[in-house]
Amino acid sequence: EKGGYDYFMLKEIAEQPKAVADTLLGRIDAAGSLTLDEVRISTAELREVDKVVIVACGTAFHAGLIAKYAIEHWTRIPCEVELASEFRYRDPILDPRTLVIAISQSGETMDTLMALRHAREQGSKVLAICNTNGSTIPRESDAVLYTHAGPEVAVASTKAFLTQLVACYLVALYLGQVRGTKWGDEIRAVIRDLSKISQEVERVLKTMEPVRELARSLATKNTVLFLGRHVGYPVALEGALKLKELAYMHAEGFAAGELKHGPIALIEKDLPVVVVVPSPRGRSVLHDKIVSNIQEIRARGARTIVIAEEGDEAVAPYADHLIRIPATPTLLQPLVATVPLQVFACELATARGNEVDQPRNLAKSVTVE
Ligand code: BG6
């Protein structure tokens, strides 16, 4: 049931703090270490892994793109992310030391299932990150880490995405913990931050009224662009996907550094451009570069919608609309930065008279290749 909300999507957006907390529950012990007992791949085998390959579709693919940054940073294991539908058709290089991670909310997506079957045939171990108990993908995998988002009814994924991110961070941190990398102190600090992150998601949800108002004011636009860097780049892709799925608008996500290599030609007067700004504390070089990007597009007349950390004053002069998110460690920022984009797409779709929970031409789980 919709629990008093007009749409399942609104309910599921609101459930995100709990979904995130539930996915962490029982996985961090009193000493602040991770205990992923259900990952039935031995620690000896995990120490041998020399490559991680992530396969997924749609929103789950975007979670995988973010996971790459976390896995490579905390474990120093090379990680590739690939659309499941492309994976097996290009003869990928897989062996028993490759850990394949298949991410799927439903656990029934045929493209992802076929990719994992292919990986297992090559002798690779497959870890599923899945939200649906007993579904096909976890049944056919060597191990599963369940996300505990609860049933997701709206076709466009929201709380499942946030919990997929949490599960990806847990896997990355666990691999780092098991293998003992030089980032030990950082890993312990991030585990602490992760355990508090659901409160930050809650805080973002309480400040969404201006985002809704902004979305309504853009209902007659044809195009919205999204820019980001580092983990903000997949967030931009996810923001654009949500807008396509729900508002049936032309929306594209770009890596902000790529702007000058083509997309800047698209900038024209009054074009809404959403920019996800990295923390000024973490990768501060990237922050400065993205501030220049915002200046460039604004100079060409774009309407800048800037998602930036609380306390980041450098962006304020160039933001036509400023959406504040709490300060988090760099790699965790997608957990808070995605939420305004979900609300934005949902409200824009409603303003355009679209069916939010059941967008045209889409299905919640796609069981054909
Ligand atoms: C698509 C859905 O068809 O499948 C997306 O419309 C979803 O919302 C994608 O992200 C992948 O689904 P799943 O269940 O494998 O995560």
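It should be noted that the structure appears before, not after, this text.
The rules behind the values
Residues numbered from 1 in each chain as written. Predicted model: local features only at pLDDT ≥ 70, side-chain atom pairs only at ≥ 80, totals over all residues. Heavy atoms only, no water. Pairing = 2+ DSSP bridges. Helix = DSSP H or I, 4+ residues; strand = E, 2+ residues; numbered from the N terminus. Axes fitted to C-alpha atoms, helices over the stretch in contact; angles between N-to-C directions. Near = heavy atom within 4 Å. Polar contact = N/O pair within 3.5 Å; in protein donor to acceptor, adjacent residues only side chain to side chain. Areas by Shrake-Rupley, 256 points an atom, 1.4 Å probe, with all protein chains shown as cover. 1 Å grid on protein atoms, 1.4 Å probe; cavity = no way out; pocket = protein on both sides within 12 Å on 5 of 7 lines; lining within 4 Å. Sits in = over half its atoms within 2 Å of the grid points. Nonpolar A, V, L, I, M, F, W, Y, C, P; charged D, E, K, R; others polar. Buried < 20%, exposed > 50% of the residue type's maximum accessible area, 1.4 Å probe, protein only. Parallel < 35°, antiparallel > 145°, perpendicular 65-115°, else oblique. Left-handed = near helix turned anticlockwise from the far one by under 90°. Contact = heavy atoms within 4.5 Å. Points joined across faces, edges and corners; volume = space filled by probe spheres on them.

Caption draft 1: Representation of the sheet that holds strand β8 (residues 272-276) within the structure. The strand order β7-β6-β8-β9-β10 describes an open sheet built from five strands, whose pairing is parallel. Two strands close off the open sheet at either side, each with one partner strand: β7 (250-255) and β10 (321-325). Strand-to-strand twist of the sheet, defined as the mean angle between neighbouring strand axes without regard to direction, takes the value 20 degrees. Where β8 lies against strand β9 (residues 303-309), five bridges are found, and the strand directions are parallel.

Caption draft 2: Highlighting the site of the ligand. In the vicinity of the ligand, the contacting residues are C57, G58, T59, A60, S104, Q105, S106, T109, V155, E245, A363 and V366. Contacts to the ligand include Q105, whose backbone N or O atom sits 2.7 Å from an oxygen atom. A distance of 2.5 Å separates an oxygen atom of the ligand from a polar side-chain atom of T109. Protein contact buries 90% of the 390 Å² of open area that the ligand shows by itself. The cavity that encloses the ligand is the largest pocket. Per-element accounting of the shell around the ligand gives the leading share, three residues, to helix α4 (residues 58-75). Of the residues assigned to the shell around the ligand, the class counts are five nonpolar, six polar and one charged.

Caption draft 3: Looking closely at the pairing of strand β1 (residues 51-56). Burial of β1 is extensive: six of the six residues sit out of reach of the surface. The alternating pattern of β1 places K51, V53 and V55 and V52, I54 and A56 on opposite faces, both of which are buried. One ladder, built from five bridges, connects β1 with strand β3 (residues 98-104); its direction is parallel. Among the inter-strand pairings, V53 is bridged to a residue of β3, identified as V100. Pairing of β1 with strand β2 (residues 79-83), which is carried by five bridges, proceeds in the parallel orientation. Across the sheet, the residue bridging to A56 is L83, located in β2.

Caption draft 4: Local environment of the packing of helix α12 (residues 232-247) against helix α14 (residues 334-351). Running from N to C, α12 and α14 point in directions that differ by 20 degrees, and their axes come no closer than 9 Å. The pairing of α12 with α14 is recorded here as roughly parallel in orientation. Between α12 and α14 lies a crossing of right-handed hand. Residue-level contacts link V235, E238, G239, K242, L243, L246 and A247 of α12 to P334, A337, T338, L341, F344, A345, C346, L348 and A349 of α14. Class assignment for the residues of the contact of α12 with α14 results in twelve nonpolar, two polar and two charged.

Caption draft 5: Fine view of the layout of surface pockets. Of the voids in this model, the largest pocket is the one considered here, and its volume is about 600 Å³. If you trace the largest pocket, you find 25 residues lining it, with C57, G58, T59, E245 and K364 closest to the centre. When residues of the lining of the largest pocket are traced back to their parent elements, those giving at least two are α4, β3, α6 (110-121) and α12. For the lining of the largest pocket, the per-class residue count stands at ten nonpolar, eleven polar and four charged.

Caption draft 6: Region of the structure containing unusual backbone geometry. The phi angle at H230 is positive, at roughly 55 degrees, despite the residue not being glycine. Looking at the secondary structure, you find H230 in the loop between β6 (223-228) and α12. Phi at D270 takes a positive value of approximately 70 degrees, unusual for a residue other than glycine. Along the chain, D270 falls in the loop between β7 and β8. Of the residues examined, D270 reaches a relative accessible area of 37% and is grouped as partly exposed.

Function cannot be inferred from these measures alone, as they are strictly geometric.
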